[in-house]
Amino acid sequence: MRKSFIGQNPSILIFLLCLAAFTLAVSLLAEGFGIGVLSTSFIKTLGKTLCLCLVAIAMDLIWGYCGILSLGHFAFFGLGGYMIGMWLMYARTEIIVQNALAQGDIPPTAQEVIDGIGSQIFGVVGSSDFPVIWVFADSLVLQLLLVLVVPGVLALVFGWLAFRSRVAGVYLSILTQAMTLALALYLFQNDSGLRGNNGLSGLQNLPGVTAPQSVVSMWFFWASALALGAGYLVSAWVISGKFGSVIRGIRDNEARVRFLGYPVETFKLMLFTLTAMIAAIAGALYYPQAGIINPAEIAPIASIYLAVWVAIGGRGRLYGAVLGAAFVSLVSTWFTGGQAPDINLGFYTVQWVDWWQVILGISFVLVTLFAPKGIGGLFDLLKRESRS
Amino acid sequence: MSQMNTLLEVSGVSVSFDGFKAINNLSFQIGPAELRAVIGPNGAGKTTFMDIVTGKTRPDEGRVLFGEKSVSLLAMSEAKIAQAGVGRKFQKPTVFEEQSVHENLMMALKAPRVWWSVLTFRPEAPDMARVQELADQVGLRDQLDRIAGELSHGQKQWLEIGMLLAQEPRLLLVDEPAAGMTPEEREHTTDLLVEAAKTRAVVVVEHDMEFVRRLNCKVTVLHEGSVLAEGGLDHVTANPDVIDVYLGR
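Treat the numbers as computed from the prediction; the structure is a model and nothing was measured. (Residues numbered from 1 in each chain as written. Chains lettered and ligands numbered in written order. Predicted model: local features only at pLDDT ≥ 70, side-chain atom pairs only at ≥ 80, totals over all residues.)

1. Topic: the overall build of chain A
Thinking step 1. When you go through chain A residue by residue, the secondary structure sums to 15 helices and 4 strands.
Thinking step 2. The C-alpha atoms of chain A give 22 Å as radius of gyration, which agrees with the globular expectation for 388 residues (21 Å, within 12%).
Thinking step 3. Counting only C-alpha atoms, chain A reaches 80 × 55 × 55 Å along its principal axes.
Thinking step 4. Within chain A, contacts between residues at least 6 apart in sequence are counted, and of these 76% link residues at least 24 apart. (Helix = DSSP H or I, 4+ residues; strand = E, 2+ residues; numbered from the N terminus. Rg over C-alpha atoms; globule rule 2.2 N^0.38 Å. Contact = placed C-beta atoms within 7 Å.)

2. Focus: the interface of chain A and chain B
Thinking step 1. With 23 residues of chain A at the interface, the matching set in chain B holds 24 residues.
Thinking step 2. Take the side of chain A that touches chain B: its biggest share by element is 7 residues, from helix 9 (residues 242–252) of chain A.
Thinking step 3. Residues belonging to the side of chain A that touches chain B are distributed by class as follows: 11 nonpolar, 6 polar and 6 charged. (Nonpolar A, V, L, I, M, F, W, Y, C, P; charged D, E, K, R; others polar.)

3. Quick notes on helix 9 of chain A
Thinking step 1. For helix 9 of chain A, the buried fraction is high: 9 of the 11 residues fall into the buried class.
Thinking step 2. By the burial criterion, the buried members of helix 9 of chain A are A:Lys242, A:Phe243, A:Gly244, A:Ser245, A:Val246, A:Ile247, A:Arg248, A:Gly249 and A:Ile250.
Thinking step 3. Along its buried surface, helix 9 of chain A packs onto helix 3 (40–65), helix 8 (213–240), helix 10 (254–259) and helix 11 (264–290) of chain A together with helix 3 (101–108) and helix 4 (115–120) of chain B. (Buried ≥ 20, exposed ≤ 12 C-beta atoms within 10 Å, placed from the backbone.)

4. Re the pairing of strand 9 (residues 218–223) of chain B
All names here are of chain B.
Thinking step 1. In terms of burial, strand 9 is a largely internal element, 5 of the 6 residues being buried.
Thinking step 2. Pairing of strand 3 (residues 35–39) with strand 9 involves 4 bridges; the strand directions are parallel. Paired with isoleucine 39 across the bridge in strand 9 is valine 221.
Thinking step 3. Pairing analysis gives 5 bridges linking strand 9 to strand 10 (residues 226–231), with the strands arranged antiparallel. Across the sheet, valine 221 pairs through a bridge with alanine 229, a residue of strand 10.
Thinking step 4. Hairpin remark: strand 9 followed by strand 10, antiparallel, with 2 residues in the connecting loop; positive phi at glutamate 224, about 45°. (Pairing = 2+ DSSP bridges.)

5. Some remarks on the packing of helix 4 (residues 73–102) of chain A against helix 5 (residues 110–122) of chain A
Geometry of a packed helix pair, given as the angle between the helix axes and the separation of the axes.
Residue and element names in this part refer to chain A.
Thinking step 1. Between helix 4 and helix 5, whose axes approach to 9 Å, the crossing angle comes to 120°. Classified by the interaxial angle, the pair formed by helix 4 and helix 5 is oblique. Seen along the crossing, helix 4 lies across helix 5 with a hand that is right-handed. Note on element contacts: helix 5 touches helix 4 through Glu112, Val113, Gly116, Ile117, Gln120 and Ile121, opposite Met89, Tyr90, Thr93, Glu94, Val97, Gln98 and Leu101.
Thinking step 2. Broken down by class, the residue content of the contact of helix 4 with helix 5 amounts to 7 nonpolar, 4 polar and 2 charged. (Axes fitted to C-alpha atoms, helices over the stretch in contact; angles between N-to-C directions. Parallel < 35°, antiparallel > 145°, perpendicular 65-115°, else oblique. Left-handed = near helix turned anticlockwise from the far one by under 90°.)

6. Description of the sheet that holds strand 9 of chain B
Residues and elements named next belong to chain B.
Thinking step 1. Read across the open sheet, the 6 strands follow the order 6-7-8-3-9-10; overall the sheet is mixed. Each edge of the open sheet carries a strand with a single partner, namely strand 6 (86–89) and strand 10. Each adjacent strand pair in this sheet contributes to an overall mean axis angle of 20°, direction not counted.
Thinking step 2. Contacts from helix 1 (residues 46–53) reach strand 3, strand 6, strand 7 (171–175), strand 8 (201–205) and strand 9, with the element oriented near 150° to strand 7.
Thinking step 3. Those strands touched by helix 7 (residues 183–196) are strand 3, strand 7 and strand 8, and its axis lies near 145° from that of strand 8.

7. Points about the nonpolar core
Residue and element names in this part refer to chain A.
Thinking step 1. Residues Val55, Ala56 and Ile57 are the most contacted members of the largest nonpolar core, which totals 183 residues.
Thinking step 2. Top element by residues in this core is helix 11. It accounts for 17 residues.
Thinking step 3. Apart from residues no more than four positions distant in its own chain, isoleucine 57 is found in contact with Gly231, Tyr232, Ser235, Ile278, Leu318, Ala321 and Val322. (Core = buried A, V, L, I, M, F, W, Y, C linked by C-beta atoms within 7 Å.)

8. Quick notes on the sheet that holds strand 1 (residues 8–17) of chain B
Residue and element names in this part refer to chain B.
Thinking step 1. Strand order across the open sheet formed by 4 strands is 2-1-4-5, with antiparallel pairing between neighbours. At either margin of the open sheet sits one strand with a lone partner, and together these are strand 2 (20–30) and strand 5 (71–72).
Thinking step 2. Sheet topology places strand 1 next to strand 4 (residues 61–66); 5 bridges connect them, and they run antiparallel. Paired with leucine 8 across the two strands is phenylalanine 66, which belongs to strand 4.
Thinking step 3. Across the face of the sheet, helix 1 comes into contact with strand 1, strand 2 and strand 4 while running at roughly 65° to strand 2.

9. Considerations on the environment of B:Thr47
Thinking step 1. Examined against the element boundaries, B:Thr47 turns out to sit in helix 1.
Thinking step 2. B:Thr47 sits 44 residues away from B:Gln91 along the chain, and the two C-alpha atoms are 9.3 Å apart.

10. Structural notes on helix 6 (residues 153–166) of chain B
All names here are of chain B.
Thinking step 1. Taking 1.5 Å as the rise per residue, helix 6 with 14 residues should run 20 Å; its terminal C-alpha atoms sit 20 Å apart, in good agreement.
Thinking step 2. Along helix 6, 12 of the 14 residues are buried, which leaves the element largely enclosed by surrounding structure.
Thinking step 3. Every buried residue belonging to helix 6 is among Gln155, Lys156, Gln157, Trp158, Leu159, Glu160, Ile161, Gly162, Met163, Leu164, Leu165 and Ala166, and all of these are buried.
Thinking step 4. In this structure, the buried side of helix 6 is in contact with strand 6, helix 3, helix 5 (125–137), strand 7 and helix 7.
Thinking step 5. Where helix 6 terminates, the next one or two residues include glutamate 168, which has phi positive at roughly 50°. (Expected span 1.5 Å × (residues − 1).)

Have a look at this one:
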């Protein structure tokens, strides 16, 4: 018998300890329960970053380990956000409408309440009827289930069609881009049932919760840290054993795996679906911290960024994906958030909001060409140093 | 019933690519414990023949039947055919270079191939012993923890043969196993194949006559997609048609 999978991969334990230490430190420094050095909005940024790290792990599983460059995983991320957003919006509007109607002389009927919620939510797209897809929106449990089911089923159907036809390589990447673009365009329509380009908003307000945002933000931060730790553990387990061998084999030589008797298509499909669901969980935790989700979130470029994070962090190692997502998205927030001072060259002003994209693009090219192992590759160097 | 002595029966198989008949009305049989060499000039259809048996290429016509129950392999996927007991070794050594010898062998080891079984699979003592035994057999006992990509060319060939044996196939298709090997490595490879053929059918596609002579088995000569001659090596090399194809142009 060999050692348990954590024994074989000490990096798992190290990662979980780092995550725990980080979470504790942030909790102590935050406004909600700590000394208040970190602002609530910064806590939200950190919480969102943890969610991005989680979706990057999903991307690393499917791309770094299995070699499938999916450029559509942000569609699953966004769908997860929409699913939880529906309940958040419905439940909060329900309370508002009930309070408003309670002012009247006669108690409102159930139908009046529902009509009120409908016109509150859908007035912005010129409607007041609930679309069919909102049928479970009043139930938190069912909407939470849908966070997994809707992206899972979409991935299952899409993957089944694509893998069964043996679409692979760059063609599959294009197909996944088409999927996320089609979904975004559909959601942009007012009659999509999800409020078109307005998206779902006010998601930071938990229905029935009176705690201030400084406290709620900590809840979500902890939940995100927990999800990241659990996601890391599950992913590490999936890739640790023979399943991991097979999917890495598929990445390196698909035909050989097939002649070993493994149904390659099914393995790809299962991993694709699993990673879609991990992405959806990350999205469901991200958008309540962002406060708003709209179709622009799942534009094709978002999924490409995801690939860039993983490439810069280091493909084929889970902590690489986490480092890449955390590093690049935080730096990106700094540059695009207006915190980076513009540089006036006299004849031209360098505005980082625009030029950040150029830097990101160049670093992606440089990493791909000269450091294919990304930031994670630095750890290999350290390991070699310490051995010699 | 002759099927008792036949593991694989290929009959009347033809396939053409863009009008070119790669395989033309080919028929071939092999018994359950037999070593067979398939020789033939370039373009004779040797690799296409293997592609058809392993499900990579679908023939235009003909039958391919396997096992006592004579199941047709034609409707099965590559993975299903492999699970039914057909193993294939490619011409170029194809092992998983980023993984250790141990992982390569463990992946090939006969076990359920369904995804959930693979996901929950954790090696038990018998599996570890079997991997050890296979590594012994192919002479890689000391290399188990090495990354396969670091092995020499010959060692990779053996690792691949070891992986094939790990699958416990009933029929082994081996494409030019001796290519690029040193004389000592060839000898070891010959022993491995002869040993393997005691309990299963082994088809060796080979260019090298010296190697075929050493295998000391029945030979099938392919030419332009069909069987030109069959029999002992001395018998077929004495055949005027074979001499024509090999020498007389």
